Amino acid sequence: MAIKVLFFGVLAERAGCSERIYNDITDTNSLEMKVAEEIEGLKEYSYIISVNREMTLENTALNDGDEVAFLPPFAGG
Amino acid sequence: MSREKYVVDGPLIGSFIGEVIGKSAEGDTTGGISVFAGQVRADMVEGRIVKAIEYSTYESMLKEAVDSIRETVLHAFSDVKTVTIIHSSGVVAAGEISLLVVVTAGHRDQAMRACTHTVEMVKERLPVWKKEIFEDESHRWV
C-alpha cells in the first residue's frame, strides 16, 4: 500500500524534499510518527494534515493511493 | 476557449494583468470592475531588506480553494458577475506583483465590497507559502 506524502513551506525545507512515498502506513497518526523520525523537531512546527486535499483534525485511516500533505499555516496574498 | 489560470510562475506582469482585466470587462451588463494587485514590498526585517519572496503552492488544493471562494462571493453578492484570482508561484522580486483579484459587478458598490471580501478570503484560505529572501541571500519563512 503506497501513500504519497507532500511537504510544503518550511517543512519541505526540513524534509529536504517536497514529496515522498510511504508504504504500509494505515493511518495519519502512524504517518506522523514515521515522519517525525525523519524530520527533526517536527513537533515544534505548526501544521495541519490533509488527506486527498481535505483537512483532518483527528486520526484518519489511509488507503492505497491517498495523497497526504503536511501544511504549515497559509501565507498567501 | 482558454483554460483558466490559477497560478503563474513568477511575477504577474502589466500586460498579463491588463489582459485579465480586459477579459473580465467583456459583456454589457457589467458596470464596475474592482481590481486588487498585491505587490512584494522591500520590507526591513531585523536589519535586513527583503529583495524577493519565493512562493510555493499546493496547486490542486489551490484550484479548489479559488473555486470555493468564487462560489461563496457569487452567492453572497447578488450583483457580482465574475471573480478572478491569480497567484504567483516561484520568485517575485520586491516591486513586482504576486496576486491579482478582479471582481466585476453590475454596480460599483458590490464590485468594491466583494473585491475586498475576496482578498481577505484569499489570504486566509489559499494554500500558498512564502519565503522572504534578503539582500544578503539569507531567508526567512513567513
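How each quantity is defined
- Residues numbered from 1 in each chain as written.
- Chains lettered and ligands numbered in written order.
- Predicted model: local features only at pLDDT ≥ 70, side-chain atom pairs only at ≥ 80, totals over all residues.
- Helix = DSSP H or I, 4+ residues; strand = E, 2+ residues; numbered from the N terminus.
- Rg over C-alpha atoms; globule rule 2.2 N^0.38 Å.
- Buried ≥ 20, exposed ≤ 12 C-beta atoms within 10 Å, placed from the backbone.
- Contact = placed C-beta atoms within 7 Å.
- Nonpolar A, V, L, I, M, F, W, Y, C, P; charged D, E, K, R; others polar.
- Axes fitted to C-alpha atoms, helices over the stretch in contact; angles between N-to-C directions.
- Parallel < 35°, antiparallel > 145°, perpendicular 65-115°, else oblique.
- Left-handed = near helix turned anticlockwise from the far one by under 90°.
- Pairing = 2+ DSSP bridges.
- Core = buried A, V, L, I, M, F, W, Y, C linked by C-beta atoms within 7 Å.

Peer 1: Please provide a residue-by-residue account of the overall build of chain A, values included.
Peer 2: Looking only at helices and strands, chain A has two helices and five strands in total. In sequence order, chain A lays out its α and β elements as β-α-β-α-β-β-β. Here the C-alpha atoms of chain A give a radius of gyration of 12 Å, agreeing with the 11 Å that 2.2 N^0.38 yields for 77 residues. In terms of its C-alpha atoms, chain A occupies a principal-axis envelope of roughly 35 × 25 × 20 Å. Here chain A, with 77 residues, has 27% of them falling under the buried criterion. The long-range fraction of contacts in chain A, counting pairs at least 24 apart against all pairs at least 6 apart in sequence, stands at 52%.

Peer 1: Give a description of the interface of chain B and chain A that names residues and reports values.
Peer 2: In this assembly, 18 residues from chain B lie in contact with 13 residues from chain A. Elements represented by at least two residues in the side of chain B that touches chain A include exactly α2 (59–76), α3 (108–125) and β7 (128–134) of chain B. Among the residues forming the side of chain B that touches chain A, the class breakdown is 11 nonpolar, four polar and three charged.

Peer 1: Could you give an account of the packing of α2 of chain B against α3 of chain B, naming the residues involved and the relevant values?
Peer 2: Residue and element names in this part refer to chain B. In the contact formed by α2 and α3, the axes pass within 10 Å of each other and the chain directions differ by 150 degrees. With respect to their mutual orientation, α2 and α3 come out roughly antiparallel. As α2 packs across α3, the resulting crossing turns out to be right-handed. Mapping the contact onto sequence places A65, I69, T72 and V73 in α2 and A114, H117, T118, M121, V122 and R125 in α3. Grouping the constituent residues of the contact of α2 with α3 by class yields six nonpolar, three polar and one charged.

Peer 1: I'd love a proper account of the pairing of strand β5 (residues 80–93) of chain B, names of residues and values included.
Peer 2: Residues and elements named next belong to chain B. When strand β1 (residues 7–9) meets β5, the two strands line up parallel, connected through three bridges. Along β5, the bridge assignment pairs V8 with S88. Bridge count for strand β4 (residues 48–57) against β5 is four bridges, and the pairing is antiparallel. Bridge assignment links I53 to a residue of β5, and that residue is V92.

Peer 1: Residues and numbers for the sheet that holds strand β1 (residues 2–7) of chain A, please.
Peer 2: All names here are of chain A. Spatially, β2-β1-β5-β3-β4 is the arrangement adopted by the five strands of the open sheet, whose pairing is mixed. Strands with a single pairing partner mark the edges of an open sheet, and in this sheet they are β2 (19–23) and β4 (54–56). With strand direction ignored, the average angle separating the axes of adjacent strands in the sheet is 30 degrees. Inspection of the sheet shows β1 paired to β2 by five bridges, in the antiparallel sense. Counterpart to A2 in the pairing with β2 is N23.

Peer 1: Which residues make up the nonpolar core, and what are the values?
Peer 2: Grouped together as the largest cluster of nonpolar side chains are 51 residues, with contacts concentrated most on F8 of chain A together with L62, V101, V103 and A114 of chain B. Once you skip the residues sitting within four places of it in the chain, V103 of chain B turns out to touch S34, V80, V83, A111, A114, C115 and T118 of chain B.

Peer 1: Just give me the short version of the environment of G106 of chain B, but keep the residues and values in it.
Peer 2: Residues and elements named next belong to chain B. Locating G106 in the fold gives a position in the loop between β6 (97–105) and α3. Residue class for G106 comes out partly exposed when judged on the 15 C-beta atoms lying within 10 Å of it. As a C-alpha pair, G106 and E54 span 52 residues in sequence and 37 Å in three-dimensional space. With sequence-adjacent residues up to four places away left out, G106 is seen in contact with T29, T30, G31 and D79.

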